[in-house]
Amino acid sequence: QVQLVESGGGLVQAGGSLRLSCAASGRTTSSYAMGWFRQAPGKEREFVARVSWSGTVTNHADSVKGRFTISRDNAKNTVYLQMNSLKPEDTAVYYCAAHGSGSVFQPGSYAYWGQGTQVTVSS
């Protein structure tokens, strides 16, 4: 029902910024809460941020709070992750996902996933 495509990843120096975008297509896309997750080599996929269907409620992982901001533009069927003050430990593949049921903090609760976009932060 939902297709997701991430873009905006790349190589950036520590302290720099990137904005990731997730373009969604399919029926009633705006009805889903949306999340961003990331996975570093040898690590489990971890929660980064989520935004409610309305865009008015957000949550951010402690590791990114104050640096990353999730938002959505339902008119454009797009979810964003603004990443500022990037650190080398932020290096990972970043995935957007559409929520299904269950905890919005757990990847197993999401029904649809994008292909991921690589973010590499150099020191």
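Thresholds, definitions, all that
Residues numbered from 1 in each chain as written. Predicted model: local features only at pLDDT ≥ 70, side-chain atom pairs only at ≥ 80, totals over all residues. Heavy atoms only, no water. Helix = DSSP H or I, 4+ residues; strand = E, 2+ residues; numbered from the N terminus. Contact = heavy atoms within 4.5 Å. Pairing = 2+ DSSP bridges. Axes fitted to C-alpha atoms, helices over the stretch in contact; angles between N-to-C directions. Disulfide = S-S within 2.5 Å. Buried < 20%, exposed > 50% of the residue type's maximum accessible area, 1.4 Å probe, protein only. Salt bridge = Lys/Arg side-chain N within 4 Å of Asp/Glu carboxyl O. Phe/Tyr/Trp six-rings, centres within 6.5 Å; stacked < 30°, edge-to-face > 60°.

Enquirer: Mind showing me how you'd approach the environment of Ala49 here?
Expert: Its place among the elements puts Ala49 in strand β5 (residues 46–51). Taking the C-alpha atoms as reference points, Ala49 and Phe105, separated by 56 residues in sequence, lie 8.1 Å from one another. In this structure, Ala49 is in contact with Met34, Gly35, Trp36, Asn59, His60, Ile70 and Leu81, ignoring residues within four places of it in sequence.

Enquirer: Just to check I follow, could you spell out the sheet that holds strand β1 (residues 2–7) for this structure?
Expert: The strand order β1-β3-β8-β7 describes an open sheet built from four strands, whose pairing is antiparallel. Taken across any chain shown, the strands that pair with only one partner, and hence form the sheet edges, are β1 and β7 (68–73). If you compare each strand with its neighbour and ignore which way they point, the axes differ by 15 degrees on average. Where strand β3 (residues 18–26) meets strand β8 (residues 78–83), six bridges bridge the pair, whose relative direction is antiparallel. The partner of Cys22 across the bridge, within β8, is Val79.

Enquirer: Looking at this model, I keep getting lost on the state of the cysteines. Mind explaining?
Expert: Any covalent bond linking the sulfur atoms of two cysteines counts as a disulfide. What the rule picks out here adds up to one disulfide. With a sulfur-sulfur separation of 2.0 Å, Cys22 is cross-linked through a disulfide to Cys96. Residues Cys22 and Cys96 are joined by a disulfide whose S-S torsion is about 55 degrees; by sign, that bridge is right-handed. With a gap of 74 residues between them, Cys22 in strand β3 and Cys96 in strand β9 (residues 92–99) connect regions that are remote in the sequence. An identical accessibility class is assigned to Cys22 and Cys96; each is buried.

Enquirer: Honestly, the pattern of salt bridges in this entry has me stumped. Any pointers?
Expert: If charged atoms from side chains of opposite charge come close, those side chains can pair. Scanning all chains against the criterion turns up three salt bridges. Across the salt bridge formed by Arg38 and Glu46, the nearest N and O atoms sit 2.7 Å from each other. By relative accessible area, which is 36% here, Glu46 ends up partly exposed. By sharing partners, the salt bridges in this structure join Arg38, Glu46, Arg67 and Asp90 into a single network.

Enquirer: Before we go on, may I ask you to explain unusual backbone geometry in this structure?
Expert: Negative phi is the rule for most residues except glycine; trans is the rule for most peptide bonds. Of note in the backbone geometry, Asn77 takes a positive phi value of approximately 50 degrees without being a glycine. Position of Asn77 relative to the elements: it lies in the loop between β7 and β8. Given the relative accessible area of 32%, Asn77 is considered partly exposed.

Enquirer: What should I look at first to understand the packing of aromatic side chains in this one?
Expert: The geometry of an aromatic ring pair is captured by the separation of the ring centres together with the interplanar angle, meaning the angle of the planes. Under the criterion given, the structure shown has seven aromatic pairs. With centroids separated by 5.0 Å and ring planes inclined at 80 degrees, the aromatic side chains of Phe37 and Tyr110 adopt a geometry described as edge-to-face. On the criterion of sequence distance, the pair formed by Phe37 in strand β4 (residues 34–39) and Tyr110 in strand β10 (residues 110–113) is long-range, its members being 73 residues apart. Residues Phe37 and Tyr110 agree in their burial class; the two are buried. When the ring of Tyr95 is compared with that of Trp113, the centres are 6.4 Å apart and the planes differ by 80 degrees; the resulting orientation is edge-to-face. Here Tyr95, found in strand β9, pairs with Trp113, found in strand β10; they are 18 residues apart in sequence, far enough to count as distant.

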